[in-house]
Each structure stands twice: as structure tokens, then as C-alpha cells.
Amino acid sequence: MKETRTWRCTQWNVAVALGLCLLTVAGAAAPARAQDEMARDEMTRDEMTRSAAGLRLQDGVLTLSLEEAIGIALERNLSLVVERYRRSESEFRLDESRGIYDINTRVDLSAFDETNPAASNLDGADIRASEGTSLNFNVSKLVPTGGTASVVWDNSRFKTNSTFALLNPSFNVDFDLRFVQPLMRNSGRETVESGIRVARNNIEISRENFELQVIGV
């Protein structure tokens, strides 16, 4: 019985000793981790401070000249940042409005294959079969007067089993130069470029708003 009690006491002492060792290690590691986190946070703050437009930090005091203070205020003011984006948007709107004078190109390709029973003797076959393809090009451009100049090139091919067809297959090629000018509505440079003038006015408005924001800052 005495040996049993001694073994139990020894086991309990070992467990307590291990627990105390773990608590000691954990207690020593926690301050170390806290110190590391504080050091990292301090380094981050220092880096952010130094990166702020090359500021000078001496003995914990931030030294700024009047010009540097004005420069930082103008660079980091959120209202000015938003106004800069608005100016850029207005300039993009002007480029978009000028796009009405871009050259438009269009290509059409089509094909068909038909088989129909003859409706009369004039069809030239008991069951009339026909097929065809077409390839068309169209290039157009708006002019300041409101008119549209275009170049059209049409190409087509047609084939049939009708006995009345003199050319089989037949080809058709058309080349046209066209100019369409409205005489009343949508006529004139003022009407055509109204969107461009609006975009230019918006740029001037955004520039004036930006100057007012700068003066306020």
C-alpha cells in the first residue's frame, strides 16, 4: 500500500510540473508575440508616414513647409480626387461624341438553297431547285452638313435547274457611290455637332468646379 501511494504522488507531481512548464512557456511566448505585433504595427505606421509625399519625421515631430502642406492637401483631398475623375469622364464623353465622324464598315454574307414543286409550265422544271450566295460591302461616313457618303459593293451568284435560265449560274456585281443629304430635319453643322458642343461645355463646367474645389481647400 505504501508503494502505491508513493507512485500516485509521484505521478501527480510530474503532471503538475509539466503543467507549470507549459504555463511558463506560454506566458513567455505571449509577451514575445505581442512585442512582435507591436513592432510590426510601428514599422507599418512609420512606412506609411514616410511614404506620405516624402515627409520628414524628426524626433517624432512631423515637419512641413507651407508648400508641402498645400501639396498634401491638394493631393489627398477626396473631393479633388472625385473631381479629377469627373474631368476625365467629361473628356472621354467628348471623344465619344466625336465618334459620329468615324468611318462605318459593314459586310453582309448570305446563302440560300430552295426546292419547290412547279406551279406552272413556266417554271421550266417539275421540281424547281435554286441556290445562291451574296457578299456585300458597305463603307459610310457622316459629313458635317448632316449628309452621309457611302460606297456600296454588291456581289451575288444564282443557280437554278430551270430550262428557261439563259445564264446558269449567273453572277451580278454592282458598285455604287451614294450621297444622301437631308434638306430640313437633321441638316446643318449645328444639329450634327450638338452632342460635341454639350461635351465641351461639360468639360468647362468640370474645370470650373475643380478650380472652386482647389480654392476651397
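Residues numbered from 1 in each chain as written. Predicted model: local features only at pLDDT ≥ 70, side-chain atom pairs only at ≥ 80, totals over all residues. Heavy atoms only, no water.

A. Molecular detail of the environment of Phe210. With respect to the helices and strands, the residue Phe210 is situated in helix α5 (residues 194-216). Take Phe210: its relative accessible area is 15%, and that puts it in the buried class. For the pair Phe210 and Arg86, spaced 124 residues apart in sequence, the C-alpha to C-alpha distance is 9.2 Å. When near neighbours in sequence (up to four residues on either side) are disregarded, Phe210 contacts Leu80, Glu83, Arg84 and Arg87. (Helix = DSSP H or I, 4+ residues; strand = E, 2+ residues; numbered from the N terminus. Buried < 20%, exposed > 50% of the residue type's maximum accessible area, 1.4 Å probe, protein only. Contact = heavy atoms within 4.5 Å.)

B. Broad picture of the packing of helix α3 (residues 78-98) against α5. Across the interface, α3 lies against α5 with an axial gap of 9 Å and an inter-helix angle of 165 degrees. By the angle between their directions, the pair α3 and α5 is classed as roughly antiparallel. In this structure, α3 meets α5 at a crossing whose hand is left-handed. Together, Ser79, Leu80, Glu83, Arg84, Arg87, Ser90, Glu91, Arg93, Leu94, Ser97 and Arg98 of α3 and Gly195, Ile196, Ala199, Arg200, Asn202, Ile203, Ser206, Arg207, Asn209, Phe210, Gln213 and Val214 of α5 make up the contact between the two elements. (Axes fitted to C-alpha atoms, helices over the stretch in contact; angles between N-to-C directions. Parallel < 35°, antiparallel > 145°, perpendicular 65-115°, else oblique. Left-handed = near helix turned anticlockwise from the far one by under 90°.)

C. Region of interest: unusual backbone geometry. For the bond running from Asn168 to Pro169, omega is 0 degrees, close enough to zero to count as cis. Inspection of the secondary structure puts Pro169 in the loop between β5 (148-160) and β6 (170-180). For Asn186, which is not glycine, the phi torsion reads 60 degrees and is therefore positive. The residue Asn186 is located in the loop between β6 and α4 (189-192) in this model.

D. Seen up close, the packing of helix α2 (residues 66-76) against α3. Contact geometry for α2 and α3: axes closest at 5 Å, N-to-C directions at 55 degrees. Considering their axes alone, α2 and α3 lie oblique with respect to each other. Facing α2, whose interface residues are Ala73, Leu74, Glu75 and Arg76, α3 presents Leu78, Leu80, Val81 and Arg84. When the residues that make up the contact of α2 with α3 are grouped by side-chain class, the tally is five nonpolar, no polar and three charged. (Nonpolar A, V, L, I, M, F, W, Y, C, P; charged D, E, K, R; others polar.)

E. View of the packing of aromatic side chains. Per the counting criterion, the structure on display carries two aromatic pairs. Aromatic pair Phe137 and Trp153: ring centres 5.6 Å apart, planes at 25 degrees, arrangement stacked. Of the two residues, Phe137 is situated in strand β4 (residues 127-142) and Trp153 in strand β5; the sequence distance between them amounts to 16 residues. In this structure Phe137 comes out as partly exposed when scored by relative accessible area, which is 31%. The ring of Phe210 carries Arg87 above its face, with NZ or CZ at 5.2 Å from the centroid. (Phe/Tyr/Trp six-rings, centres within 6.5 Å; stacked < 30°, edge-to-face > 60°. Lys NZ or Arg CZ within 6 Å of the ring centre and 35° of its normal.)

F. Seen up close, a nonpolar patch on the surface. Judged by side-chain polarity, Ile103, Val107, Leu109, Leu135, Phe137, Val139, Val151, Trp153, Val173, Phe175 and Leu177 come together as a nonpolar surface patch covering roughly 1100 Å² of accessible area. For the nonpolar patch, the secondary-structure elements that each account for two or more residues are β3 (104-117), β4, β5 and β6. In this structure, Leu109 sits in strand β3. (Patch = residues over 30% accessible without salt bridge, like charges linked within 9 Å, V, L, I, M, F, W, Y side chains within 5 Å. Areas by Shrake-Rupley, 256 points an atom, 1.4 Å probe, with all protein chains shown as cover. Salt bridge = Lys/Arg side-chain N within 4 Å of Asp/Glu carboxyl O.)

G. Summary view of the pairing of β3. With zero of its 14 residues buried, β3 lies for the most part at the surface. Two strands pair when backbone bridges link them, and β3 and β4 are joined in this way by 14 bridges, in the antiparallel orientation. If you follow Thr115 over to β4, its bridge partner there is Ala129. (Pairing = 2+ DSSP bridges.)

H. Quick look at the confidence of the model for the protein. When the pLDDT values of the protein are averaged, the result is 78; 74% of them are 70 or greater. Overall, residues 1-12 carries pLDDT values under 50, and its contacts beyond four positions in sequence, including any with other chains, amount to zero contacts. Under a pLDDT of 50 for its full length, residues 47-53 has, in the predicted model, nine contacts with residues more than four places off or in other chains. (pLDDT = per-residue confidence, 0-100.)

I. View of the sheet that holds β5. The strand order β3-β4-β5-β6 describes an open sheet built from four strands, whose pairing is antiparallel. In this open sheet, the two edge strands, each paired with only one partner strand, are β3 and β6. Taking the axes of each pair of neighbouring strands and ignoring which way they run, one obtains an average angle of 10 degrees across the sheet. With eleven bridges joining them, β5 and β6 adopt antiparallel strand pairing. Its bridge partner being in β6, Ser150 is matched across the sheet by Arg178.

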